[in-house]
Structures are given as structure tokens and as C-alpha cells.
Amino acid sequence: MNVSKIGHSNIFNLGWGALAGIAITLTNVTPSFAQSALTLGRNFRPDPATLDGNAGGKVSIASIAGIADNCRGFSNAKPNHTITLTETFPLMDFLIYTGNINDEPTMLVKGPNGIVICANGEAGGRNPQASRRLPKGIYQVWVGSKNINHSFSYTLSLSEIRQK
């Protein structure tokens, strides 16, 4: 049936089940507003690559990570960013910047083969940073706040060299 030819009287003949199915289909194709995606290969330009977002939420980052080791703060249940690495990187540096010293950001990165990286600003400055060798694959990044439901803007900076 061609949807563009459905008149008002024909919509009622479809029945509530068909209309509910259409509504469910429409909600399932809507992407998450908070997530952005980026694909990187070795020697990417510009370096650093940056992604902006809004941090914070009510879900414990430790519960998302599945471990408590250095995983602090609160974020949304869905990741803020998905990063696809098309090659193994000898070094990939993740760094979070905010415009306000009181924001207290935290970060969780989950990748292939059970990789879990947690960072906060307590070890070496107020900006969470993680640098390490990473195999190719898909990485999810959550940016949170040390305080529940505290929201703020940030920039995630990705580089093949240590940024600070």
C-alpha cells in the first residue's frame, strides 16, 4: 500500500494496531541526540580531532564500566561518543576539556576485548586524560560529572601524541 495515497477514511480502516506499529517504527529510527560518532585511521588530520558534548547524568559510571577501579562520577546510560579505530594505534590520547574549573569531569572508555579505561582529574590535573596503545575496533566514551545530575559542556580531544 502506498502511504502517500492513504486518506483520512483509510487511516481509520488500518486499525490501532497498524498505527501503533507505525509509531513504534518511527521511534526506533530516531538516533540518540547525545551521541556522536567518529572514525579514525593512523596519521589522521587534524590531530587532535575534537568532539563536543554535554556531560553528566544520574547513572554511576562504575556500574556502566562493570568495575569500581578509578571509575567515578555519573553520566547518561548511553555513551556520549562512539570512536571507531580502523587500525591499531601505538598511542591514543583521550583528553576532556571544560570551560569551568568547577565542572569536575570524569571519563569512561570501553572497547573491544574487554578494554575499560577510567579517568578523572585527580591524577595529574583537573582534565581527565587516558593515553595507551589501542587495538583497532569500536570504542564507546562516556563523559560524566563527579556530582549526580550536574550537566556541563565539554570538548573531547583525541590525539596520537600525549597532549599535556
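Quick summary incoming for the structure in this document. What you see is a predicted model, and the numbers here were worked out from it, not measured in a lab. (Residues numbered from 1 in each chain as written. Predicted model: local features only at pLDDT ≥ 70, side-chain atom pairs only at ≥ 80, totals over all residues. Heavy atoms only, no water.)

1. Digging into the overall build of the protein
Defined as follows: Comment: elements are numbered from the N terminus, with helices defined as DSSP H or I runs of at least four residues and strands as E runs of at least two. Think of it in three bands: with a 1.4 Å probe and only protein chains considered, a residue is buried below 20% of the maximum accessible area for its type, exposed above 50%, and partly exposed in between. Here, two residues are considered to be in contact whenever any of their heavy atoms come within 4.5 Å of each other. Per-residue and other accessible areas were derived by the Shrake-Rupley procedure at a 1.4 Å probe size, with only the shown protein chains allowed to occlude residues.
Helix and strand counts for the protein come out as 3 helices and 11 strands. Moving toward the C terminus, one meets the helices and strands of the protein in the order α-α-β-β-β-α-β-β-β-β-β-β-β-β. Out of the 164 residues belonging to the protein, those deemed buried represent 37%. Residue pairs in contact within the protein that sit at least 24 positions apart in sequence constitute 77% of those at least 6 positions apart. As displayed, the protein offers around 9300 Å² of accessible surface, 55% of which is attributable to carbon and sulfur atoms.

2. Comments concerning the packing of aromatic side chains
The following threshold applies: What counts as a ring pair is set by centres within 6.5 Å for rings of Phe, Tyr and Trp (its six-membered ring), and what kind of pair is set by the plane angle: stacked under 30 degrees, edge-to-face over 60, tilted for all other angles.
Tallying each qualifying case throughout the model produces 1 aromatic pair. On the basis of an interplanar angle of 50° and a centroid distance of 6.3 Å, the ring pair of Phe44 and Phe89 is categorised as tilted. Of this pair, Phe44 sits in the loop between strand S1 (36-40) and strand S2 (49-55) while Phe89 is found in strand S6 (residues 89-98), placing the two residues 45 residues apart along the sequence.

3. Section: the sheet that holds strand S9 (residues 129-134)
What counts is decided by this rule: We call two strands paired when DSSP finds no fewer than two bridges between them. Here the axes come from fitting lines to C-alpha atoms, over the contacting stretch only for helices, and the angles between their N-to-C directions go from 0 to 180 degrees.
The strand order across the open sheet built from 4 strands is S2-S11-S6-S9, with neighbouring strands paired in antiparallel fashion. Both edges of this open sheet fall to S2 and S9, since each of them pairs with a single strand only. When the angles between neighbouring strand axes are averaged without regard to direction, this sheet yields 20°. Pairing between S6 and strand S11 (residues 152-159): 6 bridges, direction antiparallel. Among the inter-strand pairings, Leu95 is bridged to a residue of S11, identified as Ser157.

4. Quick look at the environment of His81
To keep things clear, this is the line we draw: Polar contact criterion, stated in full: a pair of N or O atoms within 3.5 Å, where within protein one must be able to donate a hydrogen and the other to accept it, and residues adjacent in sequence count only if both atoms are side-chain atoms.
In this fold, His81 is placed in strand S5 (residues 81-85). Discounting chain neighbours no more than four positions away, the residues touching His81 are Gln35, Ser36, Leu51, Asp52, Tyr139, Gln140, Val141, Tyr154 and Leu156. At a separation of 2.6 Å, a polar atom in the side chain of His81 contacts the side chain of Tyr154.

5. Notes on the nonpolar core
Most often, soluble globular proteins keep nonpolar side chains buried together rather than apart. This is how it is decided: The criterion is simple. A nonpolar core is a set of buried Ala, Val, Leu, Ile, Met, Phe, Trp, Tyr and Cys residues joined through side-chain atoms within 4.5 Å.
Leu40, Met92, Phe94, Met107 and Leu156 are the most contacted members of the largest nonpolar core, which totals 25 residues. Mapped onto this core, the elements with two or more residues apiece are S2, S5, S6, strand S7 (105-110), strand S8 (116-120), S9, strand S10 (137-145) and S11. Beyond its immediate sequence surroundings of up to four residues, Leu156 is in contact with Ala49, Thr50, Leu51, His81, Phe94, Leu95, Ile96, Met107 and Val141. In this structure, Ile61, Ile64, Cys118 and Trp142 belong to the second largest nonpolar core, which totals 7 residues.

6. Quick look at the pattern of salt bridges
Pairing is possible between side chains that carry opposite charge, provided their charged atoms lie close to one another. We apply this condition: Here a salt bridge means any side-chain nitrogen of Lys or Arg lying within 4 Å of a carboxyl oxygen belonging to Asp or Glu.
Applying the stated criterion across every chain yields a total of 2 salt bridges. Across the salt bridge formed by Glu160 and Arg42, the nearest N and O atoms sit 3.4 Å from each other. Of the two residues, Glu160 is situated in the segment after S11 and Arg42 in the loop between S1 and S2; the sequence distance between them amounts to 118 residues. Of the residues examined, Glu160 reaches a relative accessible area of 15% and is grouped as buried. Of the charged contacts in the structure, one is a salt bridge between Arg162 and Asp93, with a shortest N-O distance of 4.0 Å. Placement of the pair is Arg162 in the segment after S11 and Asp93 in strand S6, with a sequence separation of 69 residues. By relative accessible area, which is 0% here, Asp93 ends up buried.

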